[in-house]
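Structural characterization, general
Each chain, letter by letter, is given below.
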Amino acid sequence: MSMVRRSSMDRMSSSMTSSMTGMGLGGITGLTSGIGTLSCTREQQMTVGGMPSNYVPGLSAYYNISSFCQRPGQTRRLPMQRAGPTAQHRPGRSHSTGSLHRMKHSTRNSPNTQYTHNLICKMADQNERRRRQDTMEMIPQSYYSQQPLKVELTEFYSRDNSKDHHTEQYDLVNDNILPNPVLRRGQNFFFAVRFDRTYDKQQDMIRLVFCFGPKPSVTKGTRVVLPVNWNNQQGVCQHSRDMMGMGMGLGMSRMQDSATGMATMGSMGAMGTIGPMGTMGTMGTMSSMGPMTAMRETTTYGVRRSSFSNEPLPLQHSPLSPHGPMERPMMDRYVGTTQHTSVGRGYGSRHGSMQNLATLSHEMDRWDISIQRQDGNTITFQVHVPATAPVGVWNCWVQTNRCGQRDNRHDYKCDEDIYMLFNPWCREDPVYMDNESSRKEYVLNEQGKIWCGTWRQPKGRKWIYGQFDDVVLPACMYLLERSGLEHSERGNPIRVCRAISSMINANHDDDGLMVCRYDGEYKDGVAPHAWTGSVAIMERYLTNGGRPVEYGQCWVYSGLVVTICRALGIPCRSVTNYVSAHDTNRTFTVDKYFDRDGNEVPNGPDEDCYDSCWNFHVWNDVWMQRPDLPQGYSGWQIIDSTPQEEAEAVYHCGPASVEAVRRGEVGFQYDTPFMYCQLNAELCHFQEEENSEWGFIRMASNQHQVGRKILTKNPNRDDDEGDSDMLEITHEYKTVDSSSPERLAVIASCRGYQRLQQYYEYPDRNFEDVCFDLMDIDLVPYGQPFDCTMNIQNKSHEDRTIWCVLTASSCYYTGAIASRLRRAQGEFVVRAGQREVLKLHVTPQEYMDKLVDHSMVKVHAMAYVKQTRQGWSDEDDFPLHKPRMQVQVRSQPFIGQECAVTFSFQNPLTVHLTDCYFTFEGPGVQRPRQIRFRDVKPGEFVNYQDKFVPRRHGERRIVVTFSSRQLDEIFGCTTVNVRG
């Protein structure tokens, strides 16, 4: 539409179509669109060259000719019929109706009638051209030549703005071909426009329009129109909006310093672009920056796209630089005595600080624009984005028109996509985090550790989050679009995080990011343990057109959530809950049923019990304020991207306040009862019993098994070789005393039915006199045998006949049994006061081909005393430990230079390893890459060397995994210091 408008305006200007009509033989034939906005009413007179603009020879100055004007976008009220043989008469349209009527009904109708009609039309057209020429000669040509401003170039200063917005690490900002601004709301950013001529303060109108979503709306906050007012010019950054994170209570002195601070901006030098941009400091000052070059122009209407590099290009002038060198003039320091006429600009004064502070607080809640400087045809603007703006991809339009001619305007769309993010550095943003070290860990850290294993033997795994990769932000924005969250609600972190929890897991018919799978069949995709980070997953998601990636599990999902949240500016951490309950019938118990022989009854006797107890489950905590909850429940909030139950007909979970979960406030949103159950449910075992009225009796078990340990990575420590960077946060989620009356009251109230209580009560334990204990299993290397041990002690003075079962099985980390490894059962007598030890020996040959993901083994023991009908049951899980991979970089890495890296490990098995491959990744060092490798011999020491070329300097981490058909989850990492 804009191109059509431009072409039509150019033709109008070149052919002098902006004209007025005279008094022809056929009457007043109308006016062209060139002066469509001029009106000859007496109320508003406009003078051009000392004459009224509505003056037309032959017409009275009091005659209103505006009714004949054709405005752009409107139809001509009285258009003239086109002359020629095809002209048709339409009553009330153009020429004198009486003349045509006489020609039609005259008694002298003849073949000359058509000729006469064409003749009069021709003569009328000739007369109109003469009158047009007379009019153009009397009105100054400069009036008609001043069309609306045309935009030749726009510049968002992506790299310079990013330094103040803490987004300088994003690859989208540093792209040399297509840099995009990545901004945080609640702060200012600078934006410059070069026009085709100098801005006329009296006649030119400029508006910046920011749009978000497919149907931008002003009332919904997704369309913002910012008119440019020259009165809003700032000689310095008067606003203290850049002082985010320092609060509103800095005192009057700091407000005065900010109001009178000097912004030193260099003008357009020989190598400059739209004037070298200065960066905002924490106190609102600006420093002159070095020259920025490499501007790229289009062939129509000048420059549309720009790309910066910090290194100047010699012998090349920017399109926005004047020819020849120029001195960089200093802008006059703004002083408080200067008065501005625009509304809300009076807080630059040193007086009335409290009133100015209130005005500042009010204006920080809305979009704002001011002119920072003007150099010839170039204007630099400062735009303030409120801390409530929706987060996502915004677009910017520059609208220009002449005063009083708004319908005749130029619309210019900037090519750059503006990525707007949350701002944890801004106090007014709900995700504000006041600790810099915490922000560095939970927002800016590109790598971390996700905890797997068991609660007795936790095992940390390095994960590359890669939130600054150029593929991450576009993938995040696309996922938000697919989530169905309204664009107007994307400024609310509560709603955004709830949407994130629903869009990771691809359940049924929804369009999630990743498909979850636990059965070990990964031939048609990538095994969950083969991923080294989030970047490869999100890149595959985009390249496949938004099709869910195969495959992942909860710990992979947690890594993805950290990537997405940190990319969007939401502080986030990964949290692992060991022995995590999944209660499907809302009894706050995880029920398991066994028959008389000790075999588990799948899904219960009625086949409607799907409870499970995961060895570990990984979710995420996000940091935010909770204005929807009472005071004291802000801070860390739980979101679970692997929800097992639907909420509001959608698979999502959270955000649930960690403090609300700890206190048992299960009435607070969102999904707090479900999260409370994962941490506090009871593990109940029922065995089939003939004398029971409902067929089963509850057996004694560990009441405190669920939620045994909750871990996250220590933000102040990194350990590439071991697990010393583990941080236990169990106390943040639950009370120390799990049998406290408060906990029991919460569980009882959630169960609701008193009738159910009897089934979960233990039988009379007064006659129990035999103690059972399932021994913990120490570290077992992969490929070595192990023993399962159960101790029995008879404390009575009589012999006891005991029937017991001891089973070892391979299991998934969700607690589901994969294959039985070995089982032993029998009946024997334990003498009075004696002890017995039962052992179950399992060899590598019995488990090697039956293990599944995480190489976990579940040991279950069950016993029954015949004399007293005492029942007991317990279970334990442990992983088999695999060798670690050694990753070594022997030389000093430099940016842009090839560097060698070595991966080494030893095959612990006595069989060949086939279908082998490495996965190699490091942010700023190496994009995710898969390397096929030959077969590995039994017991072979593998030593493989590869190369990488670093792209970013500083401390970088490299993560590598090895996978094969027989052995997987061999991973290692190392840290390298890349120099520039």
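None of the values given here were measured: they were computed from a predicted structure.

From N to C terminus, the protein includes 19 helices and 44 strands. Counting over 980 residues, the protein shows a buried share of 55%. Long-range pairs, those at least 24 residues apart, make up 69% of the contacts in the protein with a sequence separation of at least 6. Total accessible area on the protein is roughly 42,600 Å²; 48% of this is exposed by carbon and sulfur atoms.

A separate point is the sheet that holds strand E39 (residues 899-906). Think of a sheet as strands paired side by side through backbone hydrogen bonds, with each pair either parallel or antiparallel. One open sheet holds the 3 strands; their spatial order is E38-E39-E42, and the pairing between them is antiparallel. Each edge of the open sheet is held by one strand with a lone partner, namely strand E38 (886-888) and strand E42 (941-948). Neighbour to neighbour, the strand axes of the sheet diverge by 20 degrees on average, direction disregarded. As judged from the 8 bridges shared by E39 and E42, these two strands associate in the antiparallel manner. When the bridges of E42 are listed, Phe903 appears paired with Tyr944.

What follows concerns the pattern of salt bridges. All chains considered together, the criterion is met by 45 salt bridges. Residue Asp876 is joined to Arg456 by a salt bridge in which the shortest nitrogen-to-oxygen separation is 2.7 Å. Taken together, the residues Asp876 in strand E37 (residues 870-881) and Arg456 in the loop between strand E17 (447-453) and strand E18 (458-464) connect sequence positions 420 residues apart. For Arg456, a relative accessible area of 36% puts it in the partly exposed group. Between Lys462 and Asp718 there is a salt bridge, and its shortest N-O distance comes to 4.0 Å. On the criterion of sequence distance, the pair formed by Lys462 in strand E18 and Asp718 in the loop between strand E28 (709-713) and strand E29 (726-728) is long-range, its members being 256 residues apart. Judged by relative accessible area, Lys462 falls into the buried class, the value being 6%. The exposure class assigned to Asp718 is partly exposed, which follows from its relative accessible area of 36%.

Take helix H10 (residues 472-483) next. For H10, spanning 12 residues, the distance from its first C-alpha to its last is 16 Å, which sits close to the expected 16 Å at 1.5 Å a residue. Listed as buried for H10 are Val472, Leu473, Ala475, Cys476, Met477, Leu479 and Leu480. Remark: Gly484 follows H10 within two positions and exhibits a positive phi of approximately 85 degrees.

A few words on the sheet that holds strand E27 (residues 696-699). The sheet built from 3 strands is open, its strands ordered E22-E26-E27 with mixed pairing. Two strands close off the open sheet at either side, each with one partner strand: strand E22 (589-594) and E27. Mean inter-strand twist for the sheet, computed between neighbouring axes without regard to direction, equals 30 degrees. Relative to strand E26 (residues 682-688), E22 runs parallel, the two sharing 6 bridges. Bridge pairing in E26 places Tyr593 opposite Phe686.

The rules we used
- Residues numbered from 1 in each chain as written.
- Predicted model: local features only at pLDDT ≥ 70, side-chain atom pairs only at ≥ 80, totals over all residues.
- Heavy atoms only, no water.
- Helix = DSSP H or I, 4+ residues; strand = E, 2+ residues; numbered from the N terminus.
- Buried < 20%, exposed > 50% of the residue type's maximum accessible area, 1.4 Å probe, protein only.
- Contact = heavy atoms within 4.5 Å.
- Areas by Shrake-Rupley, 256 points an atom, 1.4 Å probe, with all protein chains shown as cover.
- Pairing = 2+ DSSP bridges.
- Axes fitted to C-alpha atoms, helices over the stretch in contact; angles between N-to-C directions.
- Salt bridge = Lys/Arg side-chain N within 4 Å of Asp/Glu carboxyl O.
- Expected span 1.5 Å × (residues − 1).

Take it as geometry only, folks, not as evidence of what the structure does.
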